[in-house]
Amino acid sequence: MSTQSGRTWRLVTPVLGLSALALAGCVQTGSTDLQVETVGRPTGSVALTPSHGGVQGGNLVLVDTGVSPDGPVTAAFGDDAAVECAFDEASARHACLAPEHDVPGTVDVALSADGTRIAETASYTYTTNGTQDMPILTVETQTVRKHAEEIRAGFPEDVQLGAVLKNGEPVDVFGKVINDAAQPEYFFVPKLDDAIALREAGIESKIAILYVSQVEDIPLMLHYDIEVAATDPAWVAAAEEIVAGTGGTLRVHLWVDTGMGREGVTPDQALPLARAVEEAKHLELTGIATHFSSITEHDAAAIQAGDTTNTTVAQKTRFDGAVTQIRDAGLGQDALIHAGASDVLLNELDPLYYDLLRIGGMFFGGSAENRVYSWTMELQQVKTLPAGWCIDYGCTEPTQSPKKVGVITHVPARETQVVFSVGGQEVPVLLNHRNVITLDLSNVPDAVVGDEVVIDFNPDSFYMLDASLPLPVTTSGG
């Protein structure tokens, strides 16, 4: 927690989880050696298989009405027009294609036969186009909205807000929520597809791609009014040739690698690249940027003391030197200078604010009481292993005594440590083969199939979704 001028910033960390349909009707069968619990669906209730699918629609859904008329039924997915579901003899269910939907979220499905409502209303969840056999992750958009409002309310004056969206889908939903709540001057995204999604969602703020962009994509960038990163003079020359044929202007940001080892040129190459951009008639040097690698709470004192042994001070010195060289050469006079991210704002490092702060993690941090993400699944199998039972390849640690375990599937690997909890109790992982995970339920003796498993991530290192994962994501709260 830190305060400045009456502002209060709280670094909140996420507790993640996914939701699936609740299962009921537990029975238990077993032998003296191996006990296995199974689960079924109550007779007469409505079931959709699958109960979720991508927003693009066209997903086959098998509907069990609970009364099973063999004639056709219709299904209305939310406010969309009803679709016809013919009876499928192979599954003894009605088969229909889910219509497309504008945004992720859960809708009611109303069933009718011959114009008369039948059975109860079921639910169908629209998600992003992730791998649908993975558990669904829910984004609580109202919490994102609340964070955005708090950030804007306490944002430093005369500094522009750049919202960074590196979470992957649904980038359009994130963008609209943050835009409505905080009205950022800029959006920064990692790839062109994300920028296009924001434009098509109606975002009118400036949008810039953070990383290297393909020259071949420049016509699309011009069409959607997207700003890009200039990487080297050869890229600038190729871009100028393309843009010259349109008569338009491509706005570019010059990234300086001051000690991150990532995007940008080294400081000694910043001036030649700036000159190349300024000499290109159809390119405009819109921004000069860097990315700090090691922001800490001790940096303020180091900056004040000019301690160049401090990593942040060393990076700032290199960046300021590159900017000074560019401007002393009469270049980039109106270019926006930006370097700081959420950690700079949280630590209130005013000398690193420059003209704009790129804020990402602060929109998406959460806590158990103030969640942005909810990611849970259910125990899919529960059994008791006898003493001396092998676990994992190699049988390196056989059970010493009977051990109750639970099995879950299709949980992707993460770059941070994953923690699983059942019934509010953290449970150890005995085996993790990604597609199949075995949990030690010794401390949860009453656990049964269908119990919720909450998936949490290391709060010290996890902020946002991993956009490279094919998770199906939905939203709650509009």
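As a reminder, the structure under discussion sits directly above these lines.
Residues numbered from 1 in each chain as written. Predicted model: local features only at pLDDT ≥ 70, side-chain atom pairs only at ≥ 80, totals over all residues. Heavy atoms only, no water.

Student: An account of the overall build of the protein is requested, with residue identities and associated values reported.
Tutor: Within the protein, the secondary structure is distributed over 10 helices and 32 strands. For the protein, the proportion of its 478 residues judged to be buried stands at 50%. When contacts within the protein are restricted to residue pairs at least 6 apart in sequence, those whose partners lie at least 24 apart make up 66%. Entry remark: accessible area of the protein is about 21,800 Å², with carbon and sulfur atoms responsible for 48%. (Helix = DSSP H or I, 4+ residues; strand = E, 2+ residues; numbered from the N terminus. Buried < 20%, exposed > 50% of the residue type's maximum accessible area, 1.4 Å probe, protein only. Contact = heavy atoms within 4.5 Å. Areas by Shrake-Rupley, 256 points an atom, 1.4 Å probe, with all protein chains shown as cover.)

Student: Account for helix α8 (residues 311–328), naming residues and giving values.
Tutor: Compared with the 26 Å implied by 1.5 Å per residue over 18 residues, the 26 Å span of α8 between its first and last C-alpha is a close match. If you check which residues of α8 are buried, you get T312, V313, A314, Q315, K316, F319, A322, V323 and I326. In this structure, the buried residues of α8 make contact with β20 (250–255), α6 (267–279), β21 (283–289), α7 (299–305) and β22 (336–338). Capping of α8 at its N-terminal end is provided by N310; its side-chain oxygen lies 2.9 Å from the backbone amide nitrogen of T312. (Expected span 1.5 Å × (residues − 1). Polar contact = N/O pair within 3.5 Å; in protein donor to acceptor, adjacent residues only side chain to side chain.)

Student: Can you break down unusual backbone geometry residue by residue, with the values?
Tutor: Following T49, the chain continues to P50 via a peptide bond in cis, the omega torsion being -5 degrees. One non-glycine residue, D114, lies in the positive phi region at around 55 degrees. As for its placement among the helices and strands, D114 is situated in the loop between β12 (105–113) and β13 (116–117). With relative accessibility at 80%, the residue D114 sits in the exposed group.

Student: Explain empty space enclosed by the protein to me, using residue names and the numbers behind them.
Tutor: Scanning all chains against the criterion turns up one cavity of 30 Å³ or more. Looking at the largest cavity, its volume works out to about 40 Å³. Around the largest cavity, the lining residues are W255, V256, D257, T258, M260, R262, E263, T290 and H291. Residues that form the lining of the largest cavity fall into these classes: three nonpolar, three polar and three charged. (1 Å grid on protein atoms, 1.4 Å probe; cavity = no way out; pocket = protein on both sides within 12 Å on 5 of 7 lines; lining within 4 Å. Points joined across faces, edges and corners; volume = space filled by probe spheres on them. Nonpolar A, V, L, I, M, F, W, Y, C, P; charged D, E, K, R; others polar.)

Student: Give me the state of the cysteines: which residues, what numbers.
Tutor: Per the counting criterion, the structure on display carries one disulfide. Between the sulfur of C390 and that of C395 lies a disulfide, 2.0 Å long from S to S. Torsion about the S-S bond of the C390 and C395 cystine: about -80 degrees, corresponding to left-handed handedness. Residue C390 is classed as partly exposed on the basis of its relative accessible area of 43%. (Disulfide = S-S within 2.5 Å.)

Student: Got a sec to walk through the environment of L161? Specific residues and values, please.
Tutor: Mapping L161 onto the fold places it in strand β16 (residues 160–164). Residue L161 is classed as buried on the basis of its relative accessible area, which comes to 0%. Placed 195 residues apart in sequence, L161 and L356 show a C-alpha to C-alpha distance of 5.8 Å. Not counting residues up to four positions away in its chain, the partners in contact with L161 are R152, F155, A182, P184, E185, Y186, L356, L357 and I359.

Student: Tell me about the pattern of salt bridges, residues and numbers included.
Tutor: Once the charged atoms of two side chains with opposite charge are near each other, the side chains can pair. This structure, assessed with the given rule, holds eight salt bridges. A salt bridge links D225 to R199, with the nearest nitrogen and oxygen atoms 4.0 Å apart. One end of the pair, D225, is in the loop between α4 (218–224) and β19 (226–230); the other, R199, is in helix α3 (residues 192–200), and 26 residues separate them in sequence. In this structure R199 comes out as buried when scored by relative accessible area, which is 17%. Ionic pairing is found between E227 and R251, a salt bridge with its closest N-O pair at 2.9 Å. With a gap of 24 residues between them, E227 in strand β19 and R251 in strand β20 connect regions that are remote in the sequence. (Salt bridge = Lys/Arg side-chain N within 4 Å of Asp/Glu carboxyl O.)

Student: Hey, could you go over α3 for me, with residue numbers and the actual values?
Tutor: Taken as a whole, α3 has its buried residues at L192, D194, A195, I196, L198 and R199. Structurally, α3 contributes buried residues whose contacts are with α2 (171–182), β17 (186–189), β18 (206–212), α4 and β19. At the C-terminal side of α3, G202 shows a positive phi close to 95 degrees.

Student: Can you tell me about the pairing of β17, naming the residues and giving the values?
Tutor: Because side chains alternate across β17, one face comprises the buried residues Y186 and F188, and the other comprises F187 and V189, equally buried. Summarising the sheet, β16 and β17 pair through three bridges and their orientation is parallel. Within β17, the residue paired with V164 across the bridge is F188. Of the crossover connections in this fold, the one passing from β16 over α2 to the parallel β17 is right-handed. Direction of pairing for β17 relative to β18: parallel, over a ladder of four bridges. Opposite F188, over in β18, you have A208 as the bridge partner. Handedness of the crossover joining β17 and β18 through α3 is recorded here as right-handed. (Pairing = 2+ DSSP bridges. Right-handed = clockwise from strand over helix to strand, strands pointing away.)

Student: Describe the environment of D328, naming the residues involved and giving the relevant values.
Tutor: Following the sequence through the fold, D328 ends up in helix α8. D328 gets classed as exposed once you look at its relative accessible area, which sits at 64%. Remark: the alpha-carbon pair of D328 and L271, spanning 57 residues in sequence, is separated by 10.0 Å.

Student: Provide a residue-level description of the nonpolar core, including the pertinent values.
Tutor: Within soluble globular proteins, side chains that are nonpolar generally end up buried alongside one another. With 98 residues, the main nonpolar core has W235 and L250 as its most contacted residues. The element contributing the most residues to this core is α2, with seven residues. Setting aside anything within four residues of it in sequence, one finds W235 in contact with S213, V215, I218, V228, A229, A230, L250 and V252. (Core = buried A, V, L, I, M, F, W, Y, C linked by side-chain atoms within 4.5 Å.)

Student: Quick one: what's the story with the side chain of K404, residue by residue and with numbers?
Tutor: Examined against the element boundaries, K404 turns out to sit in strand β26 (residues 403–409). Engagement of the side chain of K404 in a polar contact is seen with the backbone oxygen of P445, the distance being 2.6 Å. Here A447 takes part through its backbone oxygen, which lies 2.8 Å from a polar atom of the side chain of K404.

Student: With reference to specific residues and values, describe the packing of helix α1 (residues 141–153) against α2.
Tutor: Helix-helix packing: each pair is described by the crossing angle between the helix axes and the interaxial distance. Relative orientation of the contacting elements α1 and α2 amounts to 40 degrees, with a least axis distance of 8 Å. Taken together, the axis directions place α1 and α2 in an arrangement best described as oblique. As α1 runs across α2, the sense of the crossing is right-handed. Contacts from T141, V144, R145, A148, E149 and R152 in α1 reach V173, V177, I178, D180, A181 and A182 in α2. Across the contact of α1 with α2, the residue classes break down as seven nonpolar, one polar and four charged. (Axes fitted to C-alpha atoms, helices over the stretch in contact; angles between N-to-C directions. Parallel < 35°, antiparallel > 145°, perpendicular 65-115°, else oblique. Left-handed = near helix turned anticlockwise from the far one by under 90°.)

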